[in-house]
Amino acid sequence: MKQDSDLRNNLKSIRTRLGMSQQDLANIANVTRQTISGVESGLYAPSVAITLRLAKALGCQVEDLFWLERDLPEIEAVLAKPVPNGQQLRVSMARVGGQWIAYPLIGKDAFRQDMIPADGESTSLTGTNKVRVRLLDDNLDTLHNTVVIAGCAPVISLWARATERWHPQLRVQYNFANSMAALHSLCRGEAHIAGMHLYDPETGEYNTPFVRDVLAGREAVLITLGVWEEGLLLKSGNPMGIRTVSDLVAGATIVNREIGSGSRMLLEQTLQKEQIPFDAVQGFDNVLKTHQDVAQAVVRGVADAGMSTASVATAFGLGFIPLHQSRYDLVILKEYLEEAPVQQLLSTLGHRMVHSQFEILGGYDISKIGEVVATV
């Protein structure tokens, strides 16, 4: 058959993933190698019989191999962050609070360790913060069953992957953000859950005062994910003999976190308690954005110390001086609590599989995991 301009296929990707050459597949499907080449290049639209043979040979469904471009839906979504005007984007999608949210996969947001697969591609801007998105497949169920968490705790990704194994139809999207940025993302309707670890020395409370202030009357619950040890990451063996933050002024160089992060707030509060001016600490204005970045800076010798957690120190083989135990809470708007995907995610906080992942990290107390610690 002649080429159908709307017919798309991923025959080559499935074939190569299985380690098959074009001739191998041709032999199994009882067609010519030229047929395989023509189908893969889009120059040839196979008959129903050949389509069925190819699917059987590759052990998959016909729908896994072929689809019509015009069948892919296009929807309007709100951009989670500003982007260059007119730039086409890879985006990840989720349904939050009754509207579609598009998360641009650009810069560091496009990676964890591997590049993050996209759900769609923006086709045009429809307003100052809205965009038309052409989905890359028609599996809207996956997008509807996506829970979005904004936060900075590395254990969130462990929790997410364990949950997806327990609930295969659920997808958890983890957007990195410091505590205040995560809370504002929740307030703007870009996430279902915000993770945070901020301590208010005036009230002696964790997180709740900040939630009340930012949400300004909106109802939410705070559920504990765990209590972690925060403190100073040091080079292995602590060659500079650092014992307290006071020792940082004796020639040590640090790396700091950005404004709004719990680690930076703890460093500032500790320095103030010791009556040490911020500018007396070399590197105070050298800002990094993740716990991993801080650890890598110490490992590489860019800095002598940085604020993070005991579990991160263990993961990178670094020394650690504990300064504070911080409660990491999940903040969830009450309007999201009854949504099935959110309920599925929260239900796994009691599973042994999740507890085991946290326990072997070290530096985490999960004795109160899953407890509602406050309502606002």
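The residue numbers shown here count from 1 along each chain, following its written sequence. Restriction of local features to residues with pLDDT of at least 70 applies here, the model being predicted, together with a cutoff of 80 or more for giving and counting side-chain atom pairs; totals for whole chains, interfaces and linings are based on all residues. To get the side-chain values, take all heavy atoms of the structure and skip hydrogens and water.

Engineer: Help me out: how do you make sense of the side chain of Ser92 in this one?
Structural biologist: Secondary structure elements follow DSSP: runs of H or I of four or more residues count as helices, runs of E of two or more count as strands, with numbering from the N terminus. Looking at where Ser92 falls in the secondary structure, it is placed in strand β4 (residues 90-96). Definition of a polar contact: a pair of N or O atoms within 3.5 Å, with one able to donate and the other able to accept a hydrogen when the atoms are protein atoms, and with sequence-neighbouring residues admitted only if both atoms are side-chain atoms. A distance of 3.3 Å separates the side chain of Ser92 from the side chain of Asp119, its partner in a polar contact. Here Gln173 takes part through its side chain, which lies 2.4 Å from a polar atom of the side chain of Ser92. Every residue pair with non-hydrogen atoms within 4.5 Å of one another is taken to be in contact. Residues within four places of Ser92 in sequence aside, it is in contact with Ile101, Ala102, Tyr103, Leu105, Asp119, Arg171 and Gln173.

Engineer: Explain the pattern of salt bridges here, please?
Structural biologist: Pairing between side chains becomes possible if they bear opposite charge and their charged atoms approach one another. Salt bridge, as used here, is a side-chain nitrogen of Lys or Arg placed within 4 Å of a carboxyl oxygen of Asp or Glu. Summed over all chains, the structure comprises ten salt bridges. Note that Arg15 and Glu40 form a salt bridge whose closest N and O atoms lie 2.6 Å from each other. Residue Arg15 is located in helix α1 (residues 11-17), and its partner Glu40 is located in helix α3 (residues 33-41); the two are separated by 25 residues in the primary sequence. The pair formed by Arg15 and Glu40 is uniform in burial state, with each residue classed as buried. Type-normalised accessible area, obtained with a 1.4 Å probe on protein chains alone, sets the label of each residue: buried when under 20%, exposed when over 50%, and partly exposed for intermediate values.

Engineer: For this particular structure, what's the right way to read the sheet that holds β4?
Structural biologist: Two pairing modes exist for strands in a sheet, parallel and antiparallel, and in both the strands are linked by backbone hydrogen bonds. In this scheme, strands are said to pair when DSSP sees at least two bridges between them. Taken together, five strands build a closed barrel; the order of strands is β3-β5-β4-β6-β7 and the barrel is mixed. Across the sheet, the mean angle from the axis of one strand to that of its neighbour is 55 degrees, orientation sign disregarded. Looking at chain direction, strand β3 (residues 74-79) and strand β7 (residues 130-135) are connected through five bridges and run antiparallel. Residue pairing in the sheet places Glu74 in a bridge with Arg134 of β7. Angular values range over 0 to 180 degrees, each being the angle between N-to-C directions of two axes fitted as lines to C-alpha atoms, with helices fitted over their stretch in contact.

Engineer: Teacher, can you tell me more about the packing of aromatic side chains here?
Structural biologist: Geometry of an aromatic ring pair is reported as the spacing of the ring centres plus the angle between the planes. Here a pair means two rings of Phe, Tyr or Trp (six-membered ring of Trp) with centres within 6.5 Å. Their orientation is stacked below 30 degrees between planes, edge-to-face above 60, and tilted elsewhere. Under the defined criterion, the tally for this structure stands at five aromatic pairs. Relative to Tyr206, the ring of Tyr199 lies with its centre 5.1 Å away and its plane at 50 degrees, an arrangement referred to as tilted. A centroid spacing of 5.2 Å and a plane angle of 70 degrees characterise the contact between Trp228 and Tyr328, whose relative ring orientation is edge-to-face. Here Trp228, found in strand β13 (residues 220-234), pairs with Tyr328, found in strand β17 (residues 319-333); they are 100 residues apart in sequence, far enough to count as distant.

Engineer: What should I look at first to understand the packing of helix α2 (residues 22-29) against α3 in this one?
Structural biologist: Packed helices, taken two at a time, are described by the angle their axes make and the gap between the axes. Viewed as axis vectors pointing N to C, α2 and α3 meet at an angle of 110 degrees, and their least axial separation amounts to 8 Å. With respect to α3, the element α2 is oriented roughly perpendicular. Considering the relative orientation of α2 and α3, their crossing is right-handed. Each of Gln22, Gln23, Leu25 and Ala26 in α2 lies in contact with α3, whose residues at this interface are Arg33, Ile36, Ser37 and Glu40. The class makeup of the residues in the contact of α2 with α3 is three nonpolar, three polar and two charged. Oblique is the label for any angle not covered by the other classes, which are roughly parallel (under 35 degrees), roughly antiparallel (over 145) and roughly perpendicular (65 to 115). Each crossing gets its handedness from the near helix: less than a right angle anticlockwise from the far helix is left-handed, clockwise is right-handed. Note that Gly is not counted as nonpolar here; it falls among the polar residues with everything else outside the nonpolar set of Ala, Val, Leu, Ile, Met, Phe, Trp, Tyr, Cys and Pro and the charged set of Asp, Glu, Lys and Arg.

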